[in-house]
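Understanding the architecture of this molecule
So the chains spell out like this:
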Amino acid sequence: MLLLLFLGLIIACGMNPGKNLLRMSAAAHEVDNVGTCKLISAAKNAGVKKVVMVSSILTDGRAWGQENSPGFVATNAFGGALDEKLVAEKFLRASGLDYTIVRPGGLKAKAPSGELSVNPENTLNSGEISRDLVADVSVACLNDPKASNKVLEIFEDEGKPPKVFNGLVM
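Keep in mind that what you see is a predicted model, and the values were worked out from it rather than measured. (Residues numbered from 1 in each chain as written. Predicted model: local features only at pLDDT ≥ 70, side-chain atom pairs only at ≥ 80, totals over all residues. Heavy atoms only, no water.)

**Concerning unusual backbone geometry**
Definition in use: For helices the rule is a DSSP run of H or I covering at least 4 residues; for strands it is a run of E covering at least 2, with both sets numbered from the N terminus onward. Only protein chains enter the accessibility calculation, which uses a 1.4 Å probe; a residue whose area is less than 20% of its type maximum is buried, one above 50% is exposed, and one in between is partly exposed.
We note that Leu-58 has phi near 70 degrees; this positive angle belongs to a residue other than glycine. Of note, Leu-58 is situated in the loop between strand E2 (50-54) and helix H2 (70-76). You will see that Asn-149, though not glycine, has its phi angle at about 55 degrees, which is positive. Among the structural elements, Asn-149 can be located in the loop between helix H4 (131-143) and strand E7 (150-157). Accessibility expressed as a relative area gives 41% for Asn-149, which makes it partly exposed.

Structure (structure tokens):
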């Protein structure tokens, strides 16, 4: 019932098989696919207007010939997580909801150290980004019409100094 209070929802899920690595495929399916699709359905049923989904670069890597790239192979080795995320991305796109899919590069648990780079869908196969900056971008997408029904791939450009986040520049 909490969803009834909000016009927007940010979904940032990731599976964790715990100590049982043999459960990676099941965990990825349960969280990155089924669980995320259930959140999208619940949001739609509750009247939520906008869903921002945090996914991963290379989620649609097979579509542009990246299935053998080191990033795709390494990330998808975790129970087929990219394949499971792609199912949820397609479900969100078909839901009729206004959406933004944010595909960050590898997540860093430290403050931003480079300038935010926002790129179109299926263009990034490497890069890292601060979790803090992913959160800033996700929140900004809730109300920025430029992000409506788009996929944004983001990373930090380490060759440029970080700037204070002041909204999306696309």
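Further notes follow.
**A short note on the packing of helix H1 (residues 24-45) against helix H3 (residues 81-94)**
The condition that has to hold: What counts as an axis is a line fitted to C-alpha atoms, over the stretch in contact for a helix, and the angles between N-to-C directions run from 0 to 180 degrees. Angle categories are assigned with fixed cut-offs, so that under 35 degrees is roughly parallel, over 145 is roughly antiparallel, 65 to 115 is roughly perpendicular, and the rest are oblique. Between two residues, a contact is recorded if the distance between any of their heavy atoms is within 4.5 Å. Residues are sorted three ways: Asp, Glu, Lys and Arg are charged, Ala, Val, Leu, Ile, Met, Phe, Trp, Tyr, Cys and Pro are nonpolar, and all the rest, Gly among them, are polar.
Following both chains from N to C, one finds H1 and H3 inclined at 10 degrees, their axes separated by 8 Å at the closest point. Accordingly, the angle class assigned to the pair H1 and H3 is roughly parallel. Along its contact with H1, which presents Ala-28, His-29, Asp-32, Asn-33, Thr-36, Cys-37, Ile-40 and Ser-41, the element H3 presents Ala-81, Glu-84, Lys-85, Val-87, Ala-88, Phe-91 and Leu-92. A breakdown of the residues in the contact of H1 with H3 according to their chemical character gives eight nonpolar, four polar and three charged.

**A closer look at the layout of surface pockets**
Inclusion rule: Cavities and pockets were defined on a 1 Å grid built over protein atoms only: a cavity is a set of grid points that admits a 1.4 Å probe from which the probe cannot escape, a pocket is an open set flanked by protein on both sides within 12 Å along at least five of seven lines, and lining residues are those with an atom within 4 Å of any such point. Grid points are joined across faces, edges and corners, and a volume is the space filled by probe spheres set on the points.
Within this model, the largest pocket holds a volume of roughly 660 Å³. Ser-55, Ser-56, Lys-85, Gly-105 and Leu-107 are, among the 29 residues lining the largest pocket, the residues nearest its centre. Contributions of two or more residues to the lining of the largest pocket are made by H1, H2, H3, strand E4 (106-108) and H4. Among the elements that line the lining of the largest pocket, the one with the most residues is H4, at four residues. Taken together, the residues of the lining of the largest pocket sort by class into 15 nonpolar, eleven polar and three charged.

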